[in-house]
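Examination of the molecular architecture
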Amino acid sequence: SIILETKDVHLSYGKKEALHGVNLDFEDNSITALIGPSGCGKSTFLRCLNRMNDLIPNTTITGSFQFHEREIYASTIDLVELRKQIGMVFQQPNPFPFSVYENVTYGLKLTGHSDRKFLDEQVERALKQAAVWDEVKDNLNKSAMSFSGGQQQRICIARLLAVQPDIILLDEPTSALDPISSAQIETTLLELKKEYCIIIVTHNLQQASRIADRTAFMLNGNLVEYDNTSKMFTNP
Ligand code: ADP
Ligand code: ADP
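Residues numbered from 1 in each chain as written. Chains lettered and ligands numbered in written order. Predicted model: local features only at pLDDT ≥ 70, side-chain atom pairs only at ≥ 80, totals over all residues. Heavy atoms only, no water.

As annotated in an unreviewed UniProt entry, the protein is Phosphate ABC transporter ATP-binding protein from Secundilactobacillus angelensis.

Side note on unusual backbone geometry
At Asn-29, a position not held by glycine, the phi torsion is positive, near 55°. Structurally, Asn-29 is set in the loop between strand 2 (16–27) and strand 3 (30–35). On the accessibility criterion, Asn-29 (41% relative accessible area) is partly exposed. Of note in the backbone geometry, Asn-220 takes a positive phi value of approximately 50° without being a glycine. Among the secondary structure elements, Asn-220 is positioned in the loop between strand 9 (214–219) and strand 10 (222–228). (Helix = DSSP H or I, 4+ residues; strand = E, 2+ residues; numbered from the N terminus. Buried < 20%, exposed > 50% of the residue type's maximum accessible area, 1.4 Å probe, protein only.)

Observations concerning the sheet that holds strand 7 (residues 167–171)
With mixed pairing, the 6 strands of this open sheet are ordered in space as 6-7-8-3-9-10. Edge positions in the open sheet fall to strand 6 (86–89) and strand 10, since each of these has one partner strand only. Taking the axes of each pair of neighbouring strands and ignoring which way they run, one obtains an average angle of 20° across the sheet. Pairing of strand 6 with strand 7, which is carried by 4 bridges, proceeds in the parallel orientation. Note that in strand 7 the partner of Ile-86 across the bridge is Ile-167. The sheet strands contacting helix 6 (residues 149–161) are strand 6 and strand 7, and the helix crosses strand 6 at an angle near 170°. (Pairing = 2+ DSSP bridges. Axes fitted to C-alpha atoms, helices over the stretch in contact; angles between N-to-C directions. Contact = heavy atoms within 4.5 Å.)

A closer look at the sheet that holds strand 2
In space, the 4 strands of this open sheet follow the order 2-1-4-5, with antiparallel pairing throughout. Looking along the sheet, the strands with just one partner apiece sit at the ends: strand 2 and strand 5 (70–71). Note: strand 1 (residues 2–13) against strand 4 (residues 59–67), 8 bridges, orientation antiparallel. Counted as the bridge partner of Leu-4 is Phe-67 from strand 4.

Next up, the structure:
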């Protein structure tokens, strides 16, 4: 079922219009890839979905963003809650300079959880879902920054999973990683889609064809094609 639907999204950075009316919908338990040449607006669109663009001055956004029965840009929306429900992973792994345990419990502690047993359980669940538990379980008190890039990226995914999001946004999550780490992340995402709605920006068409159920192709701030990935990559 559709969990998030955008209609007629326009975005301008000052006078420069970067999105010219994007209509997209996203289903639960699926991976959608956003592809298109550099500068076409993929990251901009992704950042609209959890209101990260609000942080960029002089940005004007219009259109509708229905998430469950709510409008993401309604004045009553709690941004901390929104970014928990719609979490984001970036190109460069960005763990906090604390231990693995502190990274993964960060969001839970912010929302008032302090029971040690509960936190331990959630840390184990989230790191297992992110497929990095076996590699870090004996070093939960070590700095997250001391692990490899691929491990750091999966720790970041676990940090996001700890707070039980509905939607996971990923902005080129593997382009800073080696091929093996990149393949591990892809496998992890294919597992995670059984429970989450996943939206991934990628410049890697093979990656889209390997993991995405649906693919949206953008050009110059417009959505030019949106279909099942198998159809997108078949010659007519
Ligand atoms: P993509 O992710 O497809 O590479 P972006 O969303 O990063 O594209 O960028 C879309 C357009 O908006 C580009 O022309 C880019 O230069 C411009 N842009 C992106 N971020 C900003 C910003 N913070 N301020 C001004 N222009 C921006
Ligand atoms: P990506 O395509 O992955 O978004 P970019 O190199 O286009 O990466 O952008 C890196 C950062 O610079 C982003 O935060 C983006 O918003 C910002 N940016 C991109 N283009 C511009 C621009 N023309 N003016 C100001 N900031 C920009």
